[in-house]
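Examining the three-dimensional arrangement
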Amino acid sequence: MKRYGADRDKEIQRLLQEMPEEGFRLLFDVYHMQLCVYVVQLTDSFQLAEDIVQDFFVERKYYRAITGNFRSYLYTSVHNAALAVLKKKKLVPMELLTGVPVEIPQEAVLEREELERQEKELMLKLEKLPKQEIAAIKAVILENKKCVEAALELGMS
């Protein structure tokens with residue numbers, strides 16, 4: 001079982017101090033996509049989320065000096081950056097539109113059997129959905145379309 005979490009963060013912090021290029025590479029590899037997915041929940045745009053996260057990695061070197069909860073710092077930083085960008089663009093965060101707060105995902109260490117069980121459970125639930133709802137999910141998640149755009153194409157509200 002591969003472990004992440006605090007041990008991985010300590011390794012990243014150590015590498016950032018001793019071998020900055022390797023530390024940055026590991027930091028990027030571990031957190032880039034996770035942070036993008038998190039910010040998409042706020043912005044409803046993968047492109048905007050990717051820009052925000054990339055700006056964080058490029059412009060902010062503060063993460064090198066973090067001694068506390070490394071993961072929490074990263075998520076809080078991109079969360080605040082996303083809110084600032086949305087405000088500047090006069091856009092509303094998705095959590096305000098939906099009423100569902102976007103929380104920092106909990107770091108979970110799951111074993112392969114648990115992941116397989118969850119995947120099977122998800123597939124069973126997806127199979128029970130009407131075809132139009134499945135098409136909507138595919139359009140939004142796989143084709144990166146906005147909810148409104150997918151709804152119009154599919155004739156849904």
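Let me sum up the structure you'll find in this document. Keep in mind it's a predicted model, so treat the numbers as computed, not measured. (Residues numbered from 1 in each chain as written. Predicted model: local features only at pLDDT ≥ 70, side-chain atom pairs only at ≥ 80, totals over all residues. Heavy atoms only, no water.)

1. A closer look at the environment of L42
- Its place among the elements puts L42 in helix α2 (residues 20-43).
- Taking relative accessible area as the criterion, L42 reaches 0% and is therefore assigned buried.
- In contact with L42, not counting residues within four places along its chain, are H79, A82, L86, P93, M94, E95 and V102. (Helix = DSSP H or I, 4+ residues; strand = E, 2+ residues; numbered from the N terminus. Buried < 20%, exposed > 50% of the residue type's maximum accessible area, 1.4 Å probe, protein only. Contact = heavy atoms within 4.5 Å.)

2. Comments concerning helix α4 (residues 70-88)
- Taking 1.5 Å as the rise per residue, α4 with 19 residues should run 27 Å; its terminal C-alpha atoms sit 27 Å apart, in good agreement.
- Along α4, the positions that sit buried rather than exposed are F70, R71, L74, Y75, S77, V78, H79, A81, A82 and L86.
- Positive phi appears at K90, one or two residues downstream of α4, with a value of about 60°. (Expected span 1.5 Å × (residues − 1).)

3. Thoughts on unusual backbone geometry
- Positive phi, normally seen in glycine, also occurs at D44, with a value near 60°.
- Tracing the chain through its elements places D44 in the loop between α2 and α3 (46-59).
- Phi is positive for K90, close to 60°, though the residue is something other than glycine.
- Residue classification places K90 among the exposed positions, given a relative accessible area of 75%.

4. Notes on the pattern of salt bridges
- Per the counting criterion, the structure on display carries four salt bridges.
- Across the pair R14 and E18 runs a salt bridge whose closest N-O atoms are separated by 2.5 Å. You can see R14 and its partner E18 sitting in helix α1 (residues 6-18), four residues apart, about one turn around the helix.
- What makes R14 partly exposed here is its relative accessible area of 33%.
- Put simply, K125 and E121 hold a salt bridge, and the shortest N to O gap is 3.3 Å. Of this pair, K125 and E121 both sit in helix α6 (residues 112-127), four residues apart, which is roughly one turn of that helix.
- Residue E121 is classed as partly exposed on the basis of its relative accessible area, which comes to 33%.
- Each of the salt bridges in this network shares a partner with another, and the network as a whole consists of E11, R14 and E18. (Salt bridge = Lys/Arg side-chain N within 4 Å of Asp/Glu carboxyl O.)

5. Digging into the layout of surface pockets
- Put simply, the largest pocket is a space of about 370 Å³.
- If you go around the largest pocket, you meet 14 residues; those closest to its centre are V40, D44, V140, N144 and K145.
- Sorting the residues of the lining of the largest pocket by element identifies α2, α3, α7 (131-142) and α8 (147-154) as the ones contributing at least two each.
- The class makeup of the residues in the lining of the largest pocket is six nonpolar, four polar and four charged. (1 Å grid on protein atoms, 1.4 Å probe; cavity = no way out; pocket = protein on both sides within 12 Å on 5 of 7 lines; lining within 4 Å. Points joined across faces, edges and corners; volume = space filled by probe spheres on them. Nonpolar A, V, L, I, M, F, W, Y, C, P; charged D, E, K, R; others polar.)

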